[in-house]
Amino acid sequence: MNKIVMKKVLSEGVKEFEIESPQIAKSRHAGQFVIVRANEKGERIPLTIADANVEKGTITLIFQEVGKSTMLMGSFNEGDSFLDVVGPLGKPTHTENFGTVVCMGGGIGVAPMHPIAQALKQAGNRVIAIIGARSKELLIMEDRIKAASHEMHISTDDGSFGVHGFVTDVLQSLIDKGEKVDLCVAIGPVPMMNASCKLTKQYDIPTVVSLNPIMVDGTGMCGACRVTVGGKTRFVCVDGPEFNGHEVDFVELVKRQRAYLPQEREAREQYQHECGHHNHH
Amino acid sequence: MPREKIPRQQMPEQEADVRRHNFKEVPFGFTPELAQREASRCLFCKKPKCVAGCPVNIDIPAFIRLIKEGDFDGAAKKLKEENALPAICGRVCPQEEQCEIVCVTGIKDEPVAIGRLERFAADYERDNNLVTIPKKAPATGKKAAIVGCGPAGLTVAGELAKLGHDVTIYEALHQPGGVLMYGIPEFRLPKAIVNAEVDYVKKLGVEIIYNAVIGRYLTVDELQGQYDSIFLGTGAGLPYFMNIPGENLNGVYSANEYLTRSNLMRAYLFPEYDTPVVQSKKVAVLGGGNVAMDSARTALRLGAEEVNIIYRRSRKEMPARIEEVHHAEEEGVVMQLLTNPTELLGDEEGWVKGMRCIRMELGEPDASGRRRPVPIEGSEFEIEVDTVVVSIGNGANPLIPQTTEGLDTNKWGNIIADDQTCVTSKPGVYAGGDIVIGAATVILAMGAGKQASQAMHRYMMGIPEPEPEPKDDKKDDKK
Ligand SMILES: Cc1cc2nc3c(=O)[nH]c(=O)nc-3n(C[C@H](O)[C@H](O)[C@H](O)COP(=O)(O)OP(=O)(O)OC[C@H]3O[C@@H](n4cnc5c(N)ncnc54)[C@H](O)[C@@H]3O)c2cc1C
Ligand code: SF4
Ligand code: FES
């Protein structure tokens, strides 16, 4: 169970794992996620399912090493297994033929955006993808996003590849060119989603965001993942992860995501100190 | 003829100022001498009132007699005829409102300590490796799926396995036990005991599949295609919040989250274990039930300097067990009664730093029969807090009803099930425990599990349902 059949380094600190999980591969839909626990002492870490292969019985997870748990998971190799993989969790993306859909992915957010673009394309939409990163080396999944869309634009903050600027700059220029956008999907760091929503709000473009708060169980049992949407408290793991971006309280979300920063720093430093790179058994 | 009067025996326990700093179990349990002395207080009534008070009809005088006679193992076996989890029930059942409240010894004196004796016998059996696996009926070839590995699900699984059925439990979390594992803290119910009881069920041949969130991983309808009957024992796992301003500030937890971090994820061992929990100085726990007591006492053990329980009614209405309130107060938890929070106040970074409260007084009785608390105008005040644990109750998780065709729920979202057979609106699908009756007790969940297992057995074997029993007092008590 949960055996790693393929591992790839996509960019600095960003790893891709293909994991044996036949039932999840079968039952998952675009927009859903899993919770992974590396080992007996591990935290429960939510990760969006970036792709799945029903024939092979595998799911693909892509994550950035930011804290101890993701670094530990990143140290696993092909043939190793994660102790627990729970899912698929969350509500699937609402897919129908909206017309023209812009799918924006920023940084690691390109990974969760991928299956959504696939599903929207399959539902008959014209999918315009805009993917961005801080610089060329950090851009991920270019080929796969290309395949999942009809048209792809790239931006980098430092101009090392594609448009020099943010994904929102690309969207702005599309709108300026007269592109009629029926739906926008924006996934990435909170500032990116917030900026995207501010822009689309001006043009009344319905916008879906996928949120990534701190979670524990992922089944609606604890409330760790609560966010304010449209003035109401919602649990991201069961009511989301996708919400109407124009209603999300991003300021609160950022603060909640930072709740354990001191502990995360402590754990990371201790981990780096103790075991350097491997040795997860 | 006056008998020599033996007082109700106390269990030795850890001193309050020692135990408030550790997660070890509080009472040590009876020694054999104490147990035999306590057992000798029983009158072995011909028509024992205590048995009628027990939701699973344990033959209480019989097991107490065995203890008195020194056959502790026999006492454990006697308990297990009716209750598969006596080491757990002996610790967490509210005996003071079930069997002990009706014990005749309690009329003039204190009742027999039935719960402590139950615990003693079960511990004796386990500690001395005397646990035996009962003989199972020949295999029936029928398969049952159980959703949820809490006390309800474990009971159904054990009973059906004994009847010769092939049983698989699907559990959402990575460990068994439900609330026994993630909710009730180590110092009140050691996890080694829960694991031992789960092992017993596994030894009966039950398979447990973890990390399987039914409704997502597989649906109930998909399970129906693979199994001859299904039991839903998914508990009351949806935390309620107060809906007051500031509840999404950092440092504000549901009791479920606070306890899950500490118990299931072992946050009290951070950073050895990876899951963190907030480091608190001043904690306010909102609510007056067992869950609130568990949260408050956990907060002390996690290092809090000051822990207040904020409860809007008076001490008399507190739903928590008296013993737990007493333990909490001994450890230094302060009860702020007739007090209701109205707003949580935060700092710039989004952390809770204070709480505005209002004093309450008791008015007319409400629907629950308890006097309704009403705010005293102009009595608002603020207290300083850095952590708030909201412990005002749990509702039903909607995931399974939402993803299952034709499964009826009531207006609170609880699954509707027959009170005798536990069958739901969907033939072949049964439900019991907290998901049906709302957040209740371990023993009621087990009682429902027993009833359901019998009905599932009849259903799978094609045995007709017996005529419904005429309602007696006992059955009504269970509601
Ligand atoms: C902190 C706390 C303290 C308590 N103290 C006491 C006490 O002292 N005495 C007492 O008698 N009672 C106590 N209770 C109440 C008691 O624990 C519950 O009444 C009892 O556990 C209910 O049992 P259950 O089997 O119905 O549900 P649970 O114990 O809640 O178990 C349900 C299980 O189902 C799983 N599940 C849920 N949804 C799904 C799904 N979709 N797919 C798969 N699995 C799923 C859950 O993960 C869980 O493991 C306490 C409760 C809490 C929270
Ligand atoms: S009612 Fe009390 S005295 Fe009588 S059998 Fe039960 S425990 Fe013993
Ligand atoms: S993560 Fe626990 S309720 Fe969402």
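This text goes with the structure placed above it.
Residues numbered from 1 in each chain as written. Chains lettered and ligands numbered in written order. Predicted model: local features only at pLDDT ≥ 70, side-chain atom pairs only at ≥ 80, totals over all residues. Heavy atoms only, no water.

(A) Region of interest: the overall build of chain B. Looking only at helices and strands, chain B has 20 helices and 16 strands in total. Across its three principal directions, the C-alpha atoms of chain B cover 65 × 65 × 50 Å. Accessible area for chain B stands at about 20200 Å²; split by element, carbon and sulfur atoms hold 51% of it. Side chains of chain B carry 57 positive and 69 negative charges; the gap between the two charge centres is 5 Å. (Helix = DSSP H or I, 4+ residues; strand = E, 2+ residues; numbered from the N terminus. Areas by Shrake-Rupley, 256 points an atom, 1.4 Å probe, with all protein chains shown as cover. Lys, Arg positive; Asp, Glu negative; His and termini not counted. Charge placed at Lys NZ, Arg CZ, Asp CG, Glu CD.)

(B) Quick look at the site of ligand 1. Residue and element names in this part refer to chain B. Residues in close proximity to ligand 1 total 33 residues, the closest being Val92, Ala152, Glu171, Arg188 and Ile214. Separating an oxygen atom of ligand 1 from a backbone N or O atom of Val179 is a distance of 3.0 Å. Between ligand 1 and Val442, the relevant distance is 2.9 Å, taken from an oxygen atom to a main-chain nitrogen or oxygen of the residue. For ligand 1, whose accessible area on its own is 1000 Å², the fraction buried by protein is 94%. For the shell around ligand 1, the leading source of residues is helix H15 (residues 290-301), giving three residues. (Near = heavy atom within 4 Å. Polar contact = N/O pair within 3.5 Å; in protein donor to acceptor, adjacent residues only side chain to side chain.)

(C) Geometry of the site of ligand 2. Taken together, B:Cys42, B:Leu43, B:Cys45, B:Pro48, B:Cys50, B:Pro61, B:Cys103, B:Val104, B:Thr105, B:Val112 and B:Ile114 form the complete shell of residues around ligand 2. Looking at side-chain class alone, the shell around ligand 2 contains 10 nonpolar, one polar and no charged residues. (Nonpolar A, V, L, I, M, F, W, Y, C, P; charged D, E, K, R; others polar.)

(D) Local environment of the interface of chain B and chain A. The interface is formed by 41 residues belonging to chain B together with 45 residues belonging to chain A. Taken together, both faces of the contact between chain B and chain A bury some 3600 Å²; the carbon and sulfur share is 53%. On the chain B side of the interface with chain A, the three residues burying the most area are B:Arg216, B:Asn248 and B:Asp274, jointly 22% of the side's total. Counting every contact that joins chain B to chain A gives one salt bridge. Close ionic contact of B:Asp274 with A:Lys68 constitutes a salt bridge, the shortest N to O distance being 2.7 Å. Put simply, chain B and chain A have 21 residue pairs in polar contact (both at pLDDT 80 or more) between them. (Contact = heavy atoms within 4.5 Å. Buried area = accessible area lost by both parts, 1.4 Å probe. Salt bridge = Lys/Arg side-chain N within 4 Å of Asp/Glu carboxyl O.)

(E) Expanded view of the nonpolar core. Counting residues in each nonpolar core, the largest one holds 79 residues, and the members touching the most others are B:Ile60, B:Phe63, B:Ile64 and B:Ile67. Top element by residues in this core is helix H19 (residues 442-461) of chain B. It accounts for nine residues. Every residue in contact with B:Phe63, bar those within four places of it in the chain, is listed here: B:Ile58, B:Ala75, B:Lys78, B:Leu79, B:Ile114, B:Leu117 and B:Glu118. Core analysis: the next-biggest nonpolar cluster, separate from the first, contains 53 residues, A:Val86, A:Met104, B:Phe241 and B:Val352 among them. (Core = buried A, V, L, I, M, F, W, Y, C linked by side-chain atoms within 4.5 Å. Buried < 20%, exposed > 50% of the residue type's maximum accessible area, 1.4 Å probe, protein only.)

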